[in-house]
Amino acid sequence: MITFIQFLITGLRLGSVYALIALGYTMVYGIIKLINFAHGDFIMVGGYTLYFTIPIMMKMGLPGWTAVILAVIVCACVGMLVELLAYRPVRKKGTNLTALITAIAMSFVLENLAQAIPAIGPDPRVPYTLFTQTITVGGVSISSATIITIIVSALVMIALFLFTQKTRIGRAMRCVSEDKQAAVLMGINVNRTIITTFAIGAGLAAIAALMYIAQYPKIYTTMGATLGIYAFVAAVLGGIGSLPGAMLGGMVIGIVQSATNTYISSSMSDTFVYLILIIVLMIKPAGILGKNVGEKV
């Protein structure tokens, strides 16, 4: 029983990180129908920002986690630059295929650009460890990082849902997602809405970076590639374009990986994740919470 509870907690911890990243994926896809493969690299940007700013915050007498504010700002700026310089020109003149290729290319650009910066380089870095306390209840050990990650993930999900439903910008996002032409006729600035979505999604990646390095204190330039793939799978599994779906998909993947590592073999965890993805998409192609939408002709 203790083993079961322990793997479940670990799965929820992993799933919360994947969910935070998947929320950014699904927001961008919902607006411009683009799989932003560079989104995972925003986590890398956030991770290195935290690596350099956490010591500064602590020297100023502030908690180390407050560095996430700067990380969110930096990641949001990078996200907006990527949209302005790479995606917007392609959206105007290219096709869905060229947009996808551009997204993959931007991922490699960010990774290699980071390696070329002397202060970063190709070697992994170990950031300052945060949230190190551990609570033991009935033989089950729960780290404070785990508790904070799950709570933060849930709060971000609720905040995003309320933002998209209650605020003017959020309603504009939903309108652009449904019909860009109609949104323009209603006086909505589509480009501003899209760049705002990129900023929010990249900011979420910075929060995910904080939660990730609190549990796995290691930063390297390609860290976002693997995390990005898991988050993409989570978004598709839950129903890409659906905020609750991204959250659910992240939790499912985290629990499946944890269960496989505990009861079968760590080398098989990815196999089971992708098998479940295939089975779900065979039964429900739009994902668990996704909606099948007919194409306009």
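What counts and what doesn't
Residues numbered from 1 in each chain as written. Predicted model: local features only at pLDDT ≥ 70, side-chain atom pairs only at ≥ 80, totals over all residues. Heavy atoms only, no water. Helix = DSSP H or I, 4+ residues; strand = E, 2+ residues; numbered from the N terminus. Contact = heavy atoms within 4.5 Å. Buried < 20%, exposed > 50% of the residue type's maximum accessible area, 1.4 Å probe, protein only. Pairing = 2+ DSSP bridges. Patch = residues over 30% accessible without salt bridge, like charges linked within 9 Å, V, L, I, M, F, W, Y side chains within 5 Å. Areas by Shrake-Rupley, 256 points an atom, 1.4 Å probe, with all protein chains shown as cover. Salt bridge = Lys/Arg side-chain N within 4 Å of Asp/Glu carboxyl O. Phe/Tyr/Trp six-rings, centres within 6.5 Å; stacked < 30°, edge-to-face > 60°. Core = buried A, V, L, I, M, F, W, Y, C linked by side-chain atoms within 4.5 Å.

This part is about the side chain of Ser144. Topologically, Ser144 is positioned in helix 5 (residues 144–166). The contact partners of Ser144, leaving out residues within four places of it in the chain, are Phe131, Thr132 and Gln133.

Okay, the pairing of strand 2 (residues 140–143) next. Here strand 2 shows a clear split, with Val140 and Ile142 buried on one side and none of Ser141 and Ser143 buried on the other. The pairing of strand 1 (residues 134–137) with strand 2 spans four bridges and is antiparallel. Paired with Thr136 across the two strands is Ser141, which belongs to strand 2. Counting the residues between successive antiparallel strands, the hairpin from strand 1 to strand 2 contains two residues, one of them, Gly138, with a positive phi of roughly 60°.

A cluster of nonpolar residues, Ile135, Val137, Ile147, Ile151, Leu155, Ile158, Phe161 and Leu162, forms a patch on the protein surface that exposes about 710 Å² of accessible area. Those elements that place two or more of their residues in the nonpolar patch are strand 1 and helix 5. Looking at the nonpolar patch element by element, the count peaks at six residues for helix 5. Secondary-structure assignment places Ile158 in helix 5.

One pass over the full model with this rule turns up eight aromatic pairs. Between Phe7 and Tyr263, the ring centres sit 5.5 Å apart and the planes meet at 85°, which makes this aromatic pair edge-to-face. Taken as a pair, Phe7 in helix 1 (residues 2–32) and Tyr263 in helix 10 (residues 243–263) lie far apart in primary sequence, 256 residues in all. Tyr263 sits in the partly exposed class, given a relative accessible area of 49%. Look at Tyr51 and Phe52: their rings are 5.0 Å apart centre to centre, the planes differ by 80°, and that puts the pair in the edge-to-face class. The exposure class assigned to Tyr51 is partly exposed, which follows from its relative accessible area of 23%.

Another point: the environment of Gly64. Assignment of secondary structure puts Gly64 in the loop between helix 2 (39–59) and helix 3 (67–93). Judged by its relative accessible area of 7%, Gly64 is buried. Through-space distance from the C-alpha of Gly64 to that of Thr221 is 22 Å; in sequence the pair is 157 residues apart. Not counting residues up to four positions away in its chain, the partners in contact with Gly64 are Ile54, Met58 and Leu130.

With 84 residues, the main nonpolar core has Ile21, Leu23, Leu50 and Tyr87 as its most contacted residues. Sort the elements by how many residues they give to this core and helix 8 (residues 190–215) lands first, with 14 residues. Once you skip the residues sitting within four places of it in the chain, Leu23 turns out to touch Val156, Met157, Leu160, Leu204, Leu243 and Ala246.

Mapped onto the elements of the fold, Val126 is located in the loop between helix 4 (96–116) and strand 1. Remark: the alpha-carbon pair of Val126 and Ala145, spanning 19 residues in sequence, is separated by 17 Å. Not counting chain neighbours up to four residues away, the residues in contact with Val126 comprise Tyr51 and Pro217.

For the rest of this paragraph, the subject is the pattern of salt bridges. As a working rule, side chains carrying opposite charge can pair if their charged atoms are close by. A full pass over the atoms with the stated rule returns two salt bridges. Glu83 is paired through a salt bridge with Arg91; the nearest N and O atoms lie 2.4 Å apart. With relative accessibility at 0%, the residue Glu83 sits in the buried group. By relative accessible area, Arg91 is classed as partly exposed at 26%. Where salt bridges share partners, they join Glu83, Arg88 and Arg91 into one cluster.

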